[in-house]
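For reference, the chains in residue letters:
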Amino acid sequence: MEFRDLKRQYQAHRQAIDDAMQEVIRGTHFIGGPQVGQLEERLAAFAGVKHCIACGNGTDALQLALMAWKIGEGDAVFVPDFTFFSSGEVVPLVGAVPVFVDVDPLTYNIDCNSLEKAVEFVAQRTAYQPKAIVAVDLFGQPAEYDRIRAIADRYDMLVLEDAAQSFGGLWKEKRTCSLGDISTTSFFPSKPLGCYGDGGAVFTDNDVWAERLRSLHVHGKGGDKYDNIRIGMNSRLDTLQAAVLLAKMDFLEEELTACARVADRYTARLKDAVQTPHILEDRYSAWAQYVVCLKDNEERNRTIACMKEAGIPSAVYYKKPMHLQTAFSGKQIEAVSCAVTEGICKKCLALPFHPYMEDAEIDAVCESVKKAVG
Ligand SMILES: *Cc1c(COP(=O)(O)O)cnc(C)c1O
């Protein structure tokens, strides 16, 4: 069994993907071909946002957003403690300082009480200026945007939605990638909308930021790329990736529906044995991962071993809280305790998950998990 079976996806849609790639190869317009602009328009329309700027990957997308806001030295940026490294990595990259905030034990998204405390701490007890909140839609479920927005407004901060794992998800009828002042996503192959290499995109309704983002992602270009008006990056989405993504957009909704079906089947079979994902009433997950929590670290080890014996892969997202990563040592403001994250990191386990899973495979995973937990 594969953890995320990309081969089945390709087999199911082979003709469309091959045709799209062939067209790029025949046209030889490998950078900045017409498919890139078409994709940007299609993604913007799908998300319900005015501007989409495709770029090299989801990490660059986050960095570009912080650069467009001119966040840097003396600024504090709030990031959930339980997320992929990128969400925090970009903060010191632009010269600002990260403040890691604890997460909710059920949704795994940022805990707004912890966020509020952290912001107050920074505002009252440090010389740093609270500037932005990186709201991560972890494992596909949109974060708490009502409360995040209220806290951001109170302290005059910006909201950066890291939707790397949630493309296609919904929050109160609104698509992810439309929930931040700027939102970003990743097209890494295993994400909900993945390409055949690295890729990412930045979304915003703001015309000024959009123009700055367009410049920043091509060497800080002015009128053209040989007129450079600011220091930027080389972070373009190449045409082959855009073509693959355009082809995949045709069946994204179908895949999202299939993911919801797989998740429901898992939850129905596992909810009495382990802590299953908790999706709130008014939102729809894009199901980047299906993550359960075991009782403790020992039970998790037992489950991993039992699954492995049955030929079933699993993965731990994430083993280490952000505030304990060596890279951030001495480079962060420690404002709040992140005890919930520390607990989850010891107990969480991601199960094989993708829209092409068959019922018998889901059932085999569930049997193996249940056998391990007794
Ligand atoms: C994957 C991911 C990223 C980074 O995306 P890349 O395209 O790999 O650079 C950022 N944030 C989160 C939450 C992610 O899961």
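Use the structure listed above.
Residues numbered from 1 in each chain as written. Predicted model: local features only at pLDDT ≥ 70, side-chain atom pairs only at ≥ 80, totals over all residues. Heavy atoms only, no water.

Student: Would you mind showing me how to read the pattern of salt bridges here?
Tutor: Side chains that differ in charge, positive against negative, can pair when their charged atoms come close. One pass over the full model with this rule turns up 21 salt bridges. Here Glu361 and Arg8 are joined by a salt bridge, their closest N and O atoms 2.7 Å apart. Note that Glu361 is positioned in helix α13 (residues 359-373) and Arg8 in helix α1 (residues 6-12), a separation of 353 residues in sequence. Linking Arg14 and Asp18 is a salt bridge whose minimum nitrogen-to-oxygen distance equals 3.8 Å. Of this pair, Arg14 and Asp18 are both found in helix α2 (residues 14-27), four residues apart, which corresponds to roughly one turn of the helix. Take Asp18: its relative accessible area is 27%, and that puts it in the partly exposed class. Through salt bridges with shared partners, a single network forms among Arg261, Arg265, Arg269, Asp359 and Asp363. (Salt bridge = Lys/Arg side-chain N within 4 Å of Asp/Glu carboxyl O. Helix = DSSP H or I, 4+ residues; strand = E, 2+ residues; numbered from the N terminus. Buried < 20%, exposed > 50% of the residue type's maximum accessible area, 1.4 Å probe, protein only.)

Student: Please explain the packing of aromatic side chains as it appears in this structure.
Tutor: To describe a pair of aromatic rings, one takes the distance between the centres and the angle between the planes. All chains considered together, the criterion is met by 20 aromatic pairs. Seen in terms of ring centroids, Phe82 and Tyr318 are 5.9 Å apart; in terms of plane orientation they differ by 80°. Their pairing is edge-to-face. Of the two residues, Phe82 sits in the loop between β2 (75-80) and α5 (86-93) while Tyr318 sits in the loop between α11 (297-309) and α12 (339-347), which places them 236 residues apart along the sequence. The two residues Phe82 and Tyr318 agree in class, both being buried. Arranged with centres 6.3 Å apart and planes meeting at 15°, the rings of Phe139 and Tyr318 form a pair that is stacked. In this pair, Phe139 sits in the loop between β4 (129-136) and α7 (145-154) while Tyr318 sits in the loop between α11 and α12, placing the two residues 179 residues apart along the sequence. You can call Phe139 buried: its relative accessible area is 5%. These aromatic residues form a ring-pair network of at least three members: Phe3, Phe82, Phe84, Tyr108, Phe139, Tyr317 and Tyr318. Here Lys191 stacks its cationic end above the ring of Phe84, 5.9 Å away from the centre of that ring. (Phe/Tyr/Trp six-rings, centres within 6.5 Å; stacked < 30°, edge-to-face > 60°. Lys NZ or Arg CZ within 6 Å of the ring centre and 35° of its normal.)

Student: When you look at the nonpolar core in this model, what are you seeing that I'm missing?
Tutor: Note that soluble globular proteins tend to have their nonpolar side chains buried in a common cluster. Membership of the largest hydrophobic core comes to 66 residues, with the highest contact counts inside it found for Phe82, Ile182, Tyr266, Tyr290 and Leu351. If one sorts the elements of this core by residue count, helix α4 (residues 58-68) sits on top with six residues. Residue contacts for Ile182: discarding those within four places in its chain leaves Ala65, Ala68, Trp69, Val159, Leu160, Glu161, Val202, Phe203, Thr204, Trp209 and Leu213. Ranked by size, the runner-up nonpolar core spans 26 residues in total, among them Cys112, Leu115, Trp171 and Val336. (Core = buried A, V, L, I, M, F, W, Y, C linked by side-chain atoms within 4.5 Å. Contact = heavy atoms within 4.5 Å.)

Student: Looking at this model, I keep getting lost on the sheet that holds strand β10 (residues 283-284). Mind explaining?
Tutor: The pairing of strands in a sheet comes from backbone hydrogen bonds and takes either a parallel or an antiparallel form. Spatial strand order, β7-β6-β10: three strands in an open sheet with antiparallel pairing. Edge positions in the sheet fall to β7 (174-175) and β10, since each has one partner strand and no second. (Pairing = 2+ DSSP bridges.)

Student: What is the right way to look at the site of the ligand in this model?
Tutor: Neighbouring the ligand are 14 residues; Gly58, Thr59, Gln165, Ser186 and Lys191 lie closest to it. Between the ligand and Gly58, the relevant distance is 2.7 Å, taken from an oxygen atom to a main-chain nitrogen or oxygen of the residue. Within the side chain of Lys191, one N or O atom sits 2.7 Å away from an oxygen atom of the ligand. Summarising the interface, the protein chains cover 92% of the accessible area of the ligand, which totals 380 Å² for the free molecule. The cavity where the ligand resides is the largest pocket. Tallied by class, the residues present in the shell around the ligand amount to three nonpolar, nine polar and two charged. (Near = heavy atom within 4 Å. Polar contact = N/O pair within 3.5 Å; in protein donor to acceptor, adjacent residues only side chain to side chain. Areas by Shrake-Rupley, 256 points an atom, 1.4 Å probe, with all protein chains shown as cover. 1 Å grid on protein atoms, 1.4 Å probe; cavity = no way out; pocket = protein on both sides within 12 Å on 5 of 7 lines; lining within 4 Å. Sits in = over half its atoms within 2 Å of the grid points. Nonpolar A, V, L, I, M, F, W, Y, C, P; charged D, E, K, R; others polar.)

Student: I keep staring at the packing of α4 against α5 and nothing clicks. Help me out?
Tutor: Pairs of packed helices are described in terms of their axes, by the angle between the two and the distance that separates them. Put simply, α4 and α5 touch, their axes get as near as 9 Å, and they point 40° apart. Put simply, α4 runs oblique to α5. With respect to the hand of their crossing, α4 and α5 are arranged in right-handed fashion. Taking contact as the criterion, the partners of Thr59, Leu62, Gln63 and Leu66 in α4 are, on α5, Ser86, Ser87, Glu89, Val90, Val91 and Leu93. (Axes fitted to C-alpha atoms, helices over the stretch in contact; angles between N-to-C directions. Parallel < 35°, antiparallel > 145°, perpendicular 65-115°, else oblique. Left-handed = near helix turned anticlockwise from the far one by under 90°.)

Student: How do you make sense of the sheet that holds strand β1 (residues 51-55) when you look at a structure like this?
Tutor: Here we have seven strands laid out as an open sheet, ordered β1-β9-β8-β5-β4-β2-β3, and mixed in their pairing. Because the sheet does not close on itself, it has two edges, and the strands there are β1 and β3 (97-101). This sheet shows a mean twist of 20° between the axes of neighbouring strands, independent of strand direction. Relative to strand β9 (residues 200-204), β1 runs antiparallel, the two sharing five bridges.

Student: I would appreciate a short explanation of the pairing of β4 in the present structure.
Tutor: The two faces of the sheet receive side chains in turn, since in a regular strand these alternate between them. Burial of β4 is extensive: six of the eight residues sit out of reach of the surface. Of the pairings in the sheet, the one linking β2 to β4 comprises four bridges and is parallel in character. Along β4, the bridge assignment pairs Val77 with Ala132. Sheet analysis places β4 next to strand β5 (residues 158-162), joined by five bridges and oriented parallel. Bridge pairing links Ala135 to Glu161 in β5. Remark: the β4/α7/β5 crossover connection has right-handed handedness. (Right-handed = clockwise from strand over helix to strand, strands pointing away.)

Student: How should I be thinking about the pairing of β9 in this particular structure?
Tutor: β9 sits mainly inside the fold: five of its five residues count as buried. Side chains Gly200, Val202 and Thr204 project from β9 onto one buried face, and the interleaved Ala201 and Phe203 project onto a second face that is buried too.

Student: I keep staring at empty space enclosed by the protein and nothing clicks. Help me out?
Tutor: Where empty space is left becomes clear once a probe the size of a water molecule has been rolled over the atoms. Under the counting rule described, the total for this entry stands at three cavities of 30 Å³ or more. Of the pockets and cavities examined, the largest cavity occupies roughly 110 Å³. Along the walls of the largest cavity sit 16 residues, with Arg4, Leu6, Gln9, Glu255 and Pro355 positioned nearest its centre. Sorting the residues of the lining of the largest cavity by element identifies α1 and α10 (252-270) as the ones contributing at least two each. Here the lining of the largest cavity is composed, by residue class, of eight nonpolar, three polar and five charged. Here the second largest cavity defines a volume of roughly 90 Å³. Tyr108, Phe139, Gln141, Pro277 and Ile279 are, among the 13 residues lining the second largest cavity, the residues nearest its centre. Broken down by class, the residue content of the lining of the second largest cavity amounts to eight nonpolar, five polar and no charged. (Points joined across faces, edges and corners; volume = space filled by probe spheres on them.)

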